[in-house]
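Okay, here's what each chain looks like letter by letter:
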Amino acid sequence: MEERQTEVLDSIDSAINSLDSAIKKREFTINWNFSELKILYYYQAQQKFKTAIDSIDSKQYDEVKHRLSNVSDWSLDQIADSINAF
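Source: prediction; values computed, not measured. (Residues numbered from 1 in each chain as written. Predicted model: local features only at pLDDT ≥ 70, side-chain atom pairs only at ≥ 80, totals over all residues. Heavy atoms only, no water.)

A.B. asks: Honestly, the overall build of the protein in this entry has me stumped. Any pointers?
C.D. replies: Looking only at helices and strands, one finds 5 helices and 0 strands in the protein. In sequence order, the protein lays out its α and β elements as α-α-α-α-α. At 16 Å, the protein has a C-alpha radius of gyration far larger than the 12 Å of a compact globule built from 86 residues. Based on the C-alpha atoms only, the size of the protein along its principal axes is roughly 55 × 20 × 20 Å. Within the span of the protein, comprising 86 residues, buried residues form 26% of the whole. Partitioning the contacts of the protein with sequence separation of at least 6, the portion at a separation of at least 24 is 51%. (Helix = DSSP H or I, 4+ residues; strand = E, 2+ residues; numbered from the N terminus. Rg over C-alpha atoms; globule rule 2.2 N^0.38 Å. Buried < 20%, exposed > 50% of the residue type's maximum accessible area, 1.4 Å probe, protein only. Contact = heavy atoms within 4.5 Å.)

Written out as structure tokens, the structure is:
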């Protein structure tokens, strides 16, 4: 029984960490906090976004912010595609 409880708690902890990570990514993206976005962990399905963020030079930050502006309703892939279109 104790082993099962540990598995459940581990699963809950993993879900909480995943949600926390998603919230941070969204907040950092909305605010265009590039330095924080570049150090976060990304899941396999998010690698396109990570690659796009990593490709942005610090000299381009203001241009990206200006050209993409409000991306709060966009998926990470939509944002990545827009960054890659530069």
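After that view of the structure, there is still more to cover.
A.B. asks: Please explain a nonpolar patch on the surface as it appears in this structure.
C.D. replies: On the surface, Val 8, Leu 9, Ile 12 and Ile 16 cluster together into a nonpolar patch covering about 350 Å² of accessible area. Since its relative accessible area comes to 43%, Ile 12 is described here as partly exposed. (Patch = residues over 30% accessible without salt bridge, like charges linked within 9 Å, V, L, I, M, F, W, Y side chains within 5 Å. Areas by Shrake-Rupley, 256 points an atom, 1.4 Å probe, with all protein chains shown as cover. Salt bridge = Lys/Arg side-chain N within 4 Å of Asp/Glu carboxyl O.)

A.B. asks: Before we go on, may I ask you to explain the nonpolar core in this structure?
C.D. replies: For soluble globular proteins, the rule of thumb is that nonpolar side chains tend to be buried together. Residues Phe 49 and Ile 83 are the most contacted members of the largest nonpolar core, which totals 18 residues. Where this core is concerned, the elements lending two or more residues are helix H2 (34-37), helix H3 (47-54), helix H4 (61-68) and helix H5 (76-84). A per-element tally of this core places H5 first, with 4 residues. With sequence-adjacent residues up to four places away left out, Phe 49 is seen in contact with Thr 29, Leu 37, Tyr 42, Leu 76, Ile 79 and Ala 80. (Core = buried A, V, L, I, M, F, W, Y, C linked by side-chain atoms within 4.5 Å.)

A.B. asks: Is there a simple way to explain the environment of Tyr 41 in this structure?
C.D. replies: Looking at the element boundaries, Tyr 41 is found in the loop between H2 and H3. The spatial distance from the C-alpha of Tyr 41 to the C-alpha of Lys 25 is 9.5 Å, given a sequence separation of 16 residues. Other than its neighbours up to four places away in sequence, Tyr 41 contacts Ser 21, Lys 25 and Gln 46.

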